[in-house]
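Breakdown of the fold
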Amino acid sequence: KSLLGDKAGNSDSLSIHHFFFLFLGSVKLWASAFGGEIKSLSAKYSGSQLLQKKYKEPEKSVRVEEIDGVKLVKDLAVKMEEMFQRKAEATRRLVEAAEEAHHQHEDNPDLQFEYFNAVLINEVGEDEKPVELGGEFILEPNDHFNNLSVNLSLSVVQVPTNMYNKDPDIMNGVYWSEALNKVFVENFERDPTLIWQYFGSAKGFFRQYPGEIKWNTDQSISFDCRNRKWYIQAATSPKDVVVLVDVSGSMKGLRLTIARQTVSSILDTLGDNDFFNVIAYNQEIHYVEPCLNGTLVRADTTNKDHFREHLDKLFAKGIGLLGDALTEAFTILNDFNQTGRGSVCSQAIMLVTDGATEMYDDVFEKYNWPDRKVRIFPYLIGRESAFADNLKWMACANKGYFSQISTLADVQENVMRYLHVMSRPKVIDHEHDTVWTEAYVDSAVSMSHLFVVRWLLNGVLQLVMQKNQGILLGVAGTDIPLQELMKLIPKHMLGIHGYAFAITNNGYILTHPDLRPLYQEGQRRRKPYYSSVDLSEVEWEDKDDILRNAMVNRRTGTFSMEVKRTVDLGRRVLKMHNDYYYTDIKGTPFSVGVALSRGHGKYFFRGNVSMDAGLRGLEQPDVALADEWTYCNTEEKHEHRHLTQIQAIKLFMTGRRPHLKCDRELIQEVLFDAVVTAPLKSYWNSLALNKSENPDKGVEIAFLGTRTGLSRTNLFVPTVQNFLTAEDEEGVFNADHFPLWYRRAAEQVPGTFVYSIPFSTGTLVVLASTAIQLLDDRKSPIVAAVGIQMKLEYFQRKFWTACRQCTALDGKCIISCDSEDINCYLIDNNGFILVTEEQSQTGLFFGEVEGAVMSKLLQMGSFKRINLYDYQALCREYAGSSDSARTLSDPFSMVKWLLTELVIFLLEFNLYSWWNVDLSVKAQRPHGKTMMVPCDTEYPAFVSERTIKETTGSIDCGGCVRYRLSSFVIQQIPSSNLFMVVVDNKCDCSNIDPVTMDPIEIKYILYRSSLKCDRLKLQKDRKKPESCHPFHPEVGETFLFTQSKMLS
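All values reported here derive from a predicted model rather than from experimental measurement.

Rules used in this analysis
- Residues numbered from 1 in each chain as written.
- Predicted model: local features only at pLDDT ≥ 70, side-chain atom pairs only at ≥ 80, totals over all residues.
- Heavy atoms only, no water.
- 1 Å grid on protein atoms, 1.4 Å probe; cavity = no way out; pocket = protein on both sides within 12 Å on 5 of 7 lines; lining within 4 Å.
- Points joined across faces, edges and corners; volume = space filled by probe spheres on them.
- Nonpolar A, V, L, I, M, F, W, Y, C, P; charged D, E, K, R; others polar.
- Buried < 20%, exposed > 50% of the residue type's maximum accessible area, 1.4 Å probe, protein only.
- Helix = DSSP H or I, 4+ residues; strand = E, 2+ residues; numbered from the N terminus.
- Right-handed = clockwise from strand over helix to strand, strands pointing away.
- UniProt positions renumbered as here; feature names shortened; annotations may be inferred.
- Polar contact = N/O pair within 3.5 Å; in protein donor to acceptor, adjacent residues only side chain to side chain.
- Contact = heavy atoms within 4.5 Å.
- Patch = residues over 30% accessible without salt bridge, like charges linked within 9 Å, V, L, I, M, F, W, Y side chains within 5 Å.
- Areas by Shrake-Rupley, 256 points an atom, 1.4 Å probe, with all protein chains shown as cover.
- Salt bridge = Lys/Arg side-chain N within 4 Å of Asp/Glu carboxyl O.
- Lys, Arg positive; Asp, Glu negative; His and termini not counted.
- Charge placed at Lys NZ, Arg CZ, Asp CG, Glu CD.
- Pairing = 2+ DSSP bridges.
- Core = buried A, V, L, I, M, F, W, Y, C linked by side-chain atoms within 4.5 Å.
- Domains from an automatic or database assignment.
- Phe/Tyr/Trp six-rings, centres within 6.5 Å; stacked < 30°, edge-to-face > 60°.
- Disulfide = S-S within 2.5 Å.
- Axes fitted to C-alpha atoms, helices over the stretch in contact; angles between N-to-C directions.
- Parallel < 35°, antiparallel > 145°, perpendicular 65-115°, else oblique.
- Left-handed = near helix turned anticlockwise from the far one by under 90°.

Right, let's talk about empty space enclosed by the protein for a bit. Tallying each qualifying case throughout the model produces five cavities of 30 Å³ or more. Empty space within the second largest cavity amounts to approximately 60 Å³. Every residue lining the second largest cavity is listed: His492, Phe604, Phe605, Glu669, Arg707 and Thr708. Considered class by class, the residues forming the lining of the second largest cavity number two nonpolar, two polar and two charged.

What follows concerns the pairing of strand β13 (residues 374–381). Two faces, one strand: in a regular strand the side chains alternate between the faces of the sheet. Counting buried positions over the eight residues of β13 gives eight, a clear majority of the element. Note that the unit made of strand β12 (residues 346–353), helix α12 (residues 361–367) and β13 has a crossover that is right-handed.

Moving on, we get to the UniProt feature "coiled-coil region" (unreviewed entry) in the chain. As recorded in UniProt, the sites labelled "coiled-coil region" (unreviewed entry) are residues 73–108. Counted over residues 73–108, helix gives 89% and strand 0%. Its end C-alpha atoms are 55 Å apart.

Secondary-structure assignment places Ser769 in strand β31 (residues 765–773). Only 2.9 Å separates the side chain of Ser769 from the backbone oxygen of Trp741, close enough to count as a polar contact. Contact partners of Ser769, with chain neighbours within four places excluded, come to Trp741, Ala745, Thr752, Phe753, Val754, Val786 and Gly787.

A cluster of acidic residues, Glu358, Asp361, Asp362 and Glu365, forms a negative patch on the protein surface. Relative to the helices and strands, Glu358 is located in the loop between β12 and α12.

Across the 15 residues of strand β36 (residues 930–944), eleven count as buried, placing the element largely inside the fold. Note that strand β35 (residues 863–878) and β36 share 14 bridges and pair antiparallel. In the sheet register, Leu868 faces β36, and the bridge partner there is Tyr939. Relative to strand β42 (residues 1000–1001), β36 is paired through two bridges, and the arrangement is antiparallel. Across the sheet, residue Glu938 finds its bridge partner in β42, namely Ile1000.

Right, let's talk about the environment of Asp361 for a bit. Tracing the backbone shows Asp361 in helix α12. Sequence separation between Asp361 and Gly323 is 38 residues; the distance between their C-alpha atoms is 9.6 Å. For Asp361, the contacting residues outside a window of four places in its chain are Trp369 and Trp393.

If you look at the biggest cluster of nonpolar residues, it comprises 89 residues, and the most contacted ones within it are Tyr755 and Phe795. Two domains share this core, each providing at least three of its residues, namely domain 1 (63–70 + 606–677) and domain 5 (817–878 + 929–1015). Apart from residues lying up to four places away in sequence, Phe795 is in contact with Phe34, Ile38, Tyr755, Val766, Met790, Leu826, Leu834, Val835 and Leu978. Leu94, Leu133, Phe137 and Phe206 belong to the second largest nonpolar core, which has 56 residues in total.

Attention now goes to the packing of aromatic side chains. Applying the stated rule across the entire model yields 49 aromatic pairs. Ring centres of Phe34 and Phe795 lie 5.5 Å apart, and the angle between their planes is 70 degrees; this geometry places the pair in the edge-to-face category. You can see Phe34 sitting in helix α2 (residues 16–46) and its partner Phe795 sitting in helix α23 (residues 792–802), a full 761 residues away along the chain. Note on accessibility: Phe34 and Phe795 belong to one class, buried. The interplanar angle of 75 degrees and the centroid separation of 6.1 Å between the aromatic rings of Trp436 and Phe590 together place this pair among those described as edge-to-face. Linking Trp436 in strand β15 (residues 435–436) with Phe590 in the loop between β22 (572–584) and β23 (591–597), this pair joins segments that are 154 residues apart in sequence.

Below, the discussion takes up the sheet that holds strand β3 (residues 148–151). Taken in spatial order, the three strands of this open sheet run β2-β3-β7, and their pairing is antiparallel. Only two strands of the sheet have a single neighbouring strand rather than two, namely β2 (140–142) and β7 (211–212). Taken together, the three bridges between β2 and β3 define a ladder with antiparallel strand orientation. Note that in β3 the partner of Pro141 across the bridge is Ser149.

Once that is clear, we can look at the state of the cysteines. Throughout the structure, instances matching the rule amount to four disulfides. Covalently, Cys632 is tied to Cys662 through a disulfide, its sulfur atoms 2.0 Å apart. Across the S-S bond linking Cys632 and Cys662, the dihedral sits near 110 degrees, which makes this disulfide right-handed. Of this pair, Cys632 sits in strand β26 (residues 632–633) while Cys662 sits in strand β27 (residues 661–662), placing them 30 residues apart in sequence. The disulfide partner of Cys875 is Cys935, and the gap between their sulfur atoms is 1.9 Å. Measuring handedness by torsion sign, the sulfur bridge of Cys875 and Cys935 sits at about 80 degrees and is right-handed. Linking Cys875 in strand β35 with Cys935 in strand β36, this pair joins segments that are 60 residues apart in sequence.

Two numbers describe how helix α3 (residues 48–56) lies on helix α20 (residues 664–677): the axes approach to 9 Å, and their chain directions differ by 130 degrees. Classified by the interaxial angle, the pair formed by α3 and α20 is oblique. Handedness of the crossing formed by α3 with α20: right-handed. Contacts from Leu51, Lys54 and Tyr55 of α3 reach α20 at Phe672, Asp673, Val676 and Thr677. The residue makeup of the contact of α3 with α20, split by class, is four nonpolar, one polar and two charged.

Right, let's talk about unusual backbone geometry for a bit. For the bond from Tyr209 to Pro210, the omega torsion is -5 degrees, close enough to zero to count as cis. Checked against the element boundaries, Pro210 lands in the loop between β6 (206–209) and β7. Going from Trp369 to Pro370, the amide bond is cis rather than trans, its omega being 5 degrees. Position of Pro370 relative to the elements: it lies in the loop between α12 and β13. At Leu133, a position not held by glycine, the phi torsion is positive, near 65 degrees. Position of Leu133 relative to the elements: it lies in the loop between α4 (69–104) and β2. For Leu133, a relative accessible area of 3% puts it in the buried group. In this structure, Lys697 takes a positive phi of about 55 degrees despite not being glycine. Tracing the chain through its elements places Lys697 in the loop between α21 (679–689) and β28 (699–706).

Moving on, we come to the sheet that holds β42. Two orientations exist for strands paired in a sheet by backbone hydrogen bonds: parallel and antiparallel. The strand order β35-β36-β42 describes an open sheet built from three strands, whose pairing is antiparallel. This sheet does not close on itself; its edge strands, each paired only once, are β35 and β42. Helix α25 (residues 851–860) contacts β35 and β36 of the sheet and is inclined by roughly 125 degrees relative to β35.

So, about the environment of Phe145. Among the structural elements, Phe145 can be located in the loop between β2 and β3. For the pair Phe145 and Leu194, spaced 49 residues apart in sequence, the C-alpha to C-alpha distance is 9.8 Å.

Let's shift gears to the pattern of salt bridges. A side chain of one charge can pair with a side chain of the opposite charge when the charged atoms of the two come close. Applying the stated rule across the entire model yields 43 salt bridges. In this structure, Arg92 engages Glu96 in a salt bridge whose closest nitrogen and oxygen atoms are separated by 3.1 Å. Taken together, the residues Arg92 and Glu96, both in helix α4 and four residues apart, mark about one turn of the helix. Residue Arg92 is classed as partly exposed on the basis of its relative accessible area of 34%. A residue is classified by how much of its surface remains accessible, and Glu96, at 43% relative accessible area, is partly exposed. A salt bridge links Arg572 to Asp828; its shortest N-O distance comes to 2.8 Å. With Arg572 in strand β22 and Asp828 in strand β33 (residues 822–828), this residue pair connects regions lying 256 residues apart in the sequence. Each of the two residues, Arg572 as well as Asp828, counts as buried. Three or more residues are tied together by salt bridges with common partners; here these are Arg63, Glu65, Arg606 and Glu665.

Structure, rendered in structure tokens:
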């Protein structure tokens, strides 16, 4: 019996072996016929042979050079240093202006004047007149600010809602800071690439330029600039903190609830350069996270959230032995400081308690006096003050500050007071250190009610201080769009798979093509820990963190490793060997690196054409340049901002704008490409005008791209949707990568085409592309890629037509894909289905449809499974789990849960979701039962073995053995990345599990109980900030005097 056993059995003269031979011959015939048809069609309509010929013609005049990676990364670092320096100078001008304005101002408790309040601008009252502190504030959409409506002449002032808009301190601060408006405007005129500039006052108000669309009340309620990470990081030095929480019996009820919130608020004030631990005490010492006994951990978002979860498990009982707790805290701080792994700067103990029966001077004398290097900040919980004097004395005797917290509403304001104490040494030293913070996603609502999202560096910050006195006035700063960093990257020098990336002193990513800060494509919600993704989580093949640690420690060097790069929304994988080059960016805590793939990625070429010919080619209507590449810097001067890149190139090359900053080398190469590719325009036009060609309009678009970012397109069907648009990020040149069709073609055998259904477009089309080499050796750069877009239905029809061919003289085929006994598939080299009789299976992974066959192909080596890891994944967590149920049984947790649900509702019910229903949010949290949480996952990708051209196999499906002749045949389609698979469907193999690409969450705690603890304890290398101001002699005297007056 054969794949068509009944037919074979009815023929006495046809042996099984002869039938098998004919069957294999038929499949090979189909594959050959289809391969020849689509190769001819793709080559013809793309013009690939013509383009290859045109690049060969100037071969002798073209120079191929190897890229010097070390020089490349050093030049890039210098450009980034200059850009960062310009932003720092803008901030310095704000600081100088603010300090001078305050120096010239005399406080007036009765001062009254009108200013533009961010919540009240353009608001009118019942009498149709502007409300007080509102007034007419002219706003116009501005493309530099993502089309937000802004005022480029004035700033607006936001005042927290728990503060009076006309409080004398606010009025005086707003009045003297009006002087910043002039500097804001001058800064923007000097450097048109600047975006938000701001001043956060120590009094609580926030001045922002340019003034933007009116803040809504919810924004204002939640925003106090003094609570923001950037403000705290600028105002204080790095610190090691131990939080002691009293859980004795007297702390039951509301006091414990307030204590939990106080600890949580303290954690909010800690940043990535700080280290901490939380200890609960009664008659015993209880580490809130038991596995972190005797150590401190970095105060990153993950660790702080982990501790918050454990706060819910605290309960009050017994008596409080504060002396033992203080001893433990001092011991930890001393021991950890000696390891050199902490901040090695400021140290503090936060004491959260309802009282102290003694002063514990013996403990302080043993561990902290006379130097008083550890500050004590007691927080008295509750309204009673019976034991307040002892706590006040502790603060006074140890350079700290005492606060009393009676209600939950008091928590935040009282916690923040310790920051003023910690900032005093820095202010008295009058150090205007430039502080650089981590990146963040800025989202806002434009007038069209659409979210705009930018990846920003927040920010370049400096302290503003009162002249000749140690008083903090606030923090001035500006944000930097990381897109501006990306524009400095010479993408044409990095090659098709190369990229640049930058990290902070803590190893966190500033920019990297594999960083995914948002939930998924099309959504504007930020992931919980998007700003603290470590380099090791994207360059995960570097198991020993060699690359990461070298960059964190600001070294200059090289590194090499084999990597697996995912493309096409993570569904495909490219294996390559990367060479990394890295160095530090002077004047910042950042380091930059570039990755070059070996082979064609290490080489580039130089070609020359006349300027006139190049400009003529560039001005043709079918030519476009990469939007996010910088041929000429049109943003440095306002008069250049309206220019397109092509217009700027023409003005620069003809000498009419000599002050334009342009990359002459890149322009010379793009002019060369414009000339070489110009003949394709005429070629495509001739095909389009010939009515005998493409009669059923199956071929819709022809396109090409070159290594210089130049692209050309030709629409054979004028009304078709062009996929080469900015909306399809995978299909175009951008700052991160070359188009997907270019990258995949570069890894194919020269002269062959790669075919695929693009996942990102959602349209039923097939793309075919091939790479154009300059030379015939492996050192040749891939100078271009060219291809076509065709209708999926047209492509599939070509396949079925080929499958009806046979060698029989009478035309009666022994076997055909029309037979009910077999299933015919066309799959690509990653196992995705392009053609199948069941249309709903198109685009699916083959293993999901034919699990038994895919398993056999993997076993036989026809396909390989490659395991990949995603350390930025999100997993669905069920709120009804046992952990959640246990947590909600506590009254405080119930309140916290309700507040969390309310916050999530407010976040999701915004203007964006009002105008655009975000179905993905509902999918993430159906009926409130699940939520998406950060996790690590492992998932597979599949790649065909290039050397295997055809394979046959049989499968035991259990009770029905597919062996009659062969259960399946797989045959490579010539000159392509495709395979024809013919499967006998006589046996039901549904009992064999499908092979899927579903990710699996890595459950560390399941492997062994200590592994999760090991991950918490893991302290990756980091570079400490150079600036440190732990204490100053004057601080002790000032605070001793102040506290003594208070006690008296």
